[in-house]
Amino acid sequence: MRRPDRTPIDTAIAIAVCALVLLCLTNAYPLVTMHVNGHSRETTLAGAALGLYAQGYVTLAALVFLTTMLAPFVQVTGLLYVLIPLRSNRHARGQNALVHVLTRIRSWSFIEVFMLGALVALVRLSNFSNIVPRVALWTCALLMIVLAALTSITSTEQLWRWIEQSRA
Amino acid sequence: MAMDRTEPGVSGTATGRSLGLLVCLNCRATVRNVKAPHMRCPRCDARLRERKPHSLAVTGALLVAAAVLYVPANVLPVMDTRTFFDTESDTIMSGVLVLLHSGDWPIALLVFIASIVVPLLKILALGVLWVSAWRRSPRHRQQRSELYRLVEFIGRWSMLDIYAVSLLATLVQIQSFASIIVGWGAWAFGAVVVLTLIAARTFDERLLWDPPQ
């Protein structure tokens, strides 16, 4: 059996706040700018899903939207909504249902895969254009690490253990 | 625990079911199994089930669909690059070759593993697991459980190419100079990834440990 995790809720909240800030920055700023033959184009995180949507691939765009934007956002805000009242032994409205949704949707949060996919795209583009990394590319790399830490210290098991302790 | 001490493969291995214990798939609480038809987990209130209902049928159907779509995913182009002079179609494999020829072999290897090896491995591994659960084969249970966990862990990485293609298609839209159009291969590939991810989740790992009939 696994050793019980003694991480306090406060640590999880701190990391979740950090993830939320990085998530906002990653969504607000452009990822990269491409210069080629006097033209330049830039894209944001949303650009990946919107590019697919613009070309008529609605389901594929929805999949990219779910895995790079919606799932990470629900994962982080949902956790904060549940954990902040929980640290003073109070229960957020709809807590149990939300934790069920939260733990399901976060298995669809693929930020780290997106990050590597973006690198592959940039390597391919750098063969014929000048690629300038922008703010969101760096915050996305940090977000990848912070989200991995957050997911591991707020395992489904741990979340329910906290809830169970607060009932006692 | 008793389960760990029993040698794998020996018939009569103690399982949760044989000890009257049940794990809640939602919160991982271990519950003493009262044989009530609609039992709920005392900790998280999720429905407790001895085995996921119709696990083999659902997983099998998803797996067949994924295997069928694997063909167009690899044959159809994932993107067309249109320039002044010509149109170039790239399948997943030719995308890997392009990276290899431009000298980026570590990236080429990464894409090769994530887009070619992982989906194929997942379909084959889930196929093997499905057959051994269906036959209730008592051999190599430990290794098969490990294989299942591996499939669950690596599954998401095949999305890599979808993200790369979608960013390329967004960035490379430079009037008449060059544009990248997403192909139906990307759609089929995305479908393979999602179907195998869901198939891994509908598969009940505990079926691997059921005693032979």
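Just so it is clear, the model here is predicted, and its values are computed rather than measured. Numbers given to residues run from 1 along each chain, matching the order in which its sequence is written. Just so you know, chain letters begin at A and ligand numbers begin at 1, following the order they were written in. Local features in a predicted model are, by the rule used here, given only for residues with pLDDT of at least 70; side-chain atom pairs are given and counted only at 80 or more, and totals for whole chains, interfaces and linings are based on all residues. Side-chain descriptors were evaluated using all non-hydrogen atoms of the structure, hydrogens and water having been removed beforehand.

### Concerning the overall build of chain A
To keep things clear, this is the line we draw: Only DSSP runs of H or I with at least four residues qualify as helices, and only runs of E with at least two residues qualify as strands; both kinds are numbered from the N terminus onward. Relative accessible area decides the class of each residue, using a 1.4 Å probe on protein chains only: under 20% of the type maximum gives buried, over 50% gives exposed, and in between gives partly exposed. When checking whether two residues touch, look at their non-hydrogen atoms; a contact exists if any pair is within 4.5 Å. His is not counted, nor are the chain ends; Lys and Arg add positive charge and Asp and Glu add negative charge. One atom stands in for each charge, and that atom is NZ of Lys, CZ of Arg, CG of Asp or CD of Glu.
Check the secondary structure of chain A and you find seven helices and three strands. For chain A, the sequential pattern of α-helices and β-strands runs α-β-β-α-α-α-α-β-α-α. With the C-alpha coordinates aligned to their principal axes, the bounding extent of chain A is approximately 65 × 30 × 30 Å. Taken across its 168 residues, chain A has 49% of its residues classed as buried. Counting contacts in chain A only where the partners sit at least 6 residues apart, residues at least 24 apart contribute 76% of the total. Seen as two clouds, the 13 positive and the 6 negative side-chain charges of chain A have centres 4 Å apart.

### Details of the environment of Val146 of chain A
Residues and elements named next belong to chain A. Its location among the elements puts Val146 in helix α6 (residues 135–153). Spatially, the C-alpha atoms of Val146 and Thr43 are 23 Å apart, while their sequence positions differ by 103 residues. Setting aside residues up to four positions removed in sequence, Val146 forms contacts with Ile15, Cys18, Ala19 and Leu22.

### What about helix α3 (residues 58–86) of chain A?
Counting along an α-helix, one turn takes 3.6 residues, and residues three or four places apart therefore face a common direction. Heads up, the rule is: Each residue after the first adds 1.5 Å to the expected span of a helix. To get the bend at any residue, fit one axis to the seven residues that end at it and another to the seven that begin at it, then take the angle between the two axes.
For α3 of chain A, which comprises 29 residues, the first-to-last C-alpha distance of 39 Å matches the rise-based estimate of 42 Å (1.5 Å per residue) to within 8%. The largest bend in α3 of chain A is about 45°, located at Leu66 of chain A.

### A few points about unusual backbone geometry
Residue and element names in this part refer to chain B. For Arg28, which is not glycine, the phi dihedral falls at a positive 65°. Structurally, Arg28 can be placed in the loop between β1 (21–23) and β2 (30–32). A positive phi angle, close to 50°, is found at His140, a residue other than glycine. Take His140: its relative accessible area is 44%, and that puts it in the partly exposed class.

### Structural notes on a nonpolar patch on the surface
Residue and element names in this part refer to chain B. Rule in force here: Residues enter patches when their relative accessible area tops 30% and they take part in no salt bridge; the joining distance is 9 Å for like charges and 5 Å for the nonpolar side chains Val, Leu, Ile, Met, Phe, Trp and Tyr. All accessibility values rest on the Shrake-Rupley procedure with a 1.4 Å probe; residue burial counts only the protein chains present in the view. For this document, the term salt bridge refers to a Lys or Arg side-chain nitrogen within 4 Å of an Asp or Glu carboxyl oxygen.
Side chains of Met93, Leu97, Leu100, Trp105, Leu109, Ile113, Val117, Leu121 and Leu150 sit close together on the surface and give an oily, nonpolar patch of about 790 Å² of accessible area. Of the residues forming the nonpolar patch, the biggest block, five residues, is contributed by helix α4 (residues 105–135). Relative to the assigned elements, Met93 resides in helix α3 (residues 92–101).

### With respect to the sheet that holds strand β4 (residues 87–90) of chain B
Residues and elements named next belong to chain B. Going by this rule: Two strands qualify as a pair provided that DSSP identifies no fewer than 2 bridges between them.
The strand order across the open sheet formed by four strands is β4-β3-β6-β5, and the pairing between neighbours is antiparallel. At either end of the open sheet lies a strand with only one pairing partner, and these are β4 and β5 (173–174). Pairing of β5 with strand β6 (residues 178–182) involves two bridges; the strand directions are antiparallel. Within β6, the residue paired with Ile174 across the bridge is Ala178.

### Some thoughts on the interface of chain A and chain B
As a reminder of what qualifies: Buried area: the accessible surface (1.4 Å probe) lost by two parts on joining, summed over both. By the criterion applied in these results, polar contacts are pairs of N or O atoms within 3.5 Å in which, for protein atoms, one can donate a hydrogen and the other can accept it, and in which residues neighboring in sequence qualify only through two side-chain atoms. Each residue receives one of three labels: charged for Asp, Glu, Lys and Arg, nonpolar for Ala, Val, Leu, Ile, Met, Phe, Trp, Tyr, Cys and Pro, and polar for the others, Gly being one of them.
With 49 residues of chain A in contact, the opposing surface of chain B contributes 48 residues. Summing the contributions of chain A and of chain B, the shared interface buries around 4,400 Å²; its carbon and sulfur component is 70%. Taken together, the connections running from chain A to chain B amount to three salt bridges. Of the charged contacts, one joins Arg43 of chain B and Glu164 of chain A as a salt bridge, the two residues approaching to 3.4 Å between their closest N and O atoms. Our enumeration of links across chain A and chain B arrives at 18 residue pairs in polar contact (both at pLDDT 80 or more). In terms of residues, the side of chain A that touches chain B owes the most to one element, helix α5 (residues 111–125) of chain A, which gives eleven residues. The residue inventory of the side of chain A that touches chain B, partitioned by class, reads 23 nonpolar, 16 polar and ten charged.

### A few points about the sheet that holds strand β2 (residues 39–43) of chain A
All names here are of chain A. The cut-off we apply is this: A fitted line through C-alpha atoms serves as each axis, taken over the contacting stretch for helices, and the angle formed by two N-to-C directions is quoted from 0 to 180°.
The strand order β2-β1-β3 describes an open sheet built from three strands, whose pairing is antiparallel. The open sheet has two free edges, formed respectively by β2 and β3 (130–133), since each of these has just one partner strand. Between one strand axis and the next, the sheet turns through 20° on average, direction left out of account. The pairing of strand β1 (residues 32–36) with β2 spans five bridges and is antiparallel. Looking across to β2, one finds that Met34 is bridged to Arg41.

### Here we look at the pattern of salt bridges
Side chains bearing opposite charge may pair, as long as their charged atoms lie close to each other. Scanning the model with the defined rule gives nine salt bridges over all chains in all. The salt bridge involving Glu112 of chain A is made with Arg156 of chain B; its shortest N-O contact spans 2.3 Å. Residue Glu112 of chain A is found in helix α5, and its partner Arg156 of chain B is found in the loop between α5 (141–154) and α6 (160–171); the two belong to separate chains.

### Digging into helix α7 (residues 184–202) of chain B
For α7 of chain B, with 19 residues, the first-to-last C-alpha span of 27 Å sits near the 27 Å given by 1.5 Å per residue. Counting buried positions along α7 of chain B gives 14 out of 19 residues, so the element sits mostly inside the fold.

### Examining empty space enclosed by the protein
To keep things clear, this is the line we draw: Only protein atoms enter the 1 Å grid, on which a cavity is a set of points fitting a 1.4 Å probe that cannot get out and a pocket is an open set with protein on both sides within 12 Å along at least 5 of 7 lines, lining residues being those with an atom within 4 Å of a point. Grid points are joined across faces, edges and corners, and a volume is the space filled by probe spheres set on the points.
Counted by the stated rule, this structure contains one cavity of 30 Å³ or more. The computed volume of the largest cavity comes to approximately 80 Å³. As for the largest cavity, its lining consists of 15 residues, of which Arg124 of chain A together with Gly95, Val111, Asp161 and Val165 of chain B are closest to the centre.

### Let's talk about the packing of α3 of chain A against α6 of chain A
Packed helices, taken two at a time, are described by their axes: the angle between them and the distance between them. All names here are of chain A. In plain terms, the rule: Each angle is binned into one of four classes, with values under 35 degrees roughly parallel, values over 145 roughly antiparallel, values of 65 to 115 roughly perpendicular, and all other values oblique. Should the near helix be turned anticlockwise from the far one by less than a right angle, the crossing is left-handed, and should it be turned clockwise, the crossing is right-handed.
Contact pair α3 / α6: the axes reach a minimum separation of 12 Å and the direction vectors enclose 55°. For the element pair α3 / α6, the angle class is oblique. Here the hand of the crossing between α3 and α6 comes out left-handed. Seen from α3, the contacting residues are Pro72, Gln75, Val76 and Leu79; seen from α6, they are Leu147, Leu150 and Thr151. Taken together, the residues that form the contact of α3 with α6 break down as five nonpolar, two polar and no charged.

Nothing here speaks to function; it is geometry throughout.
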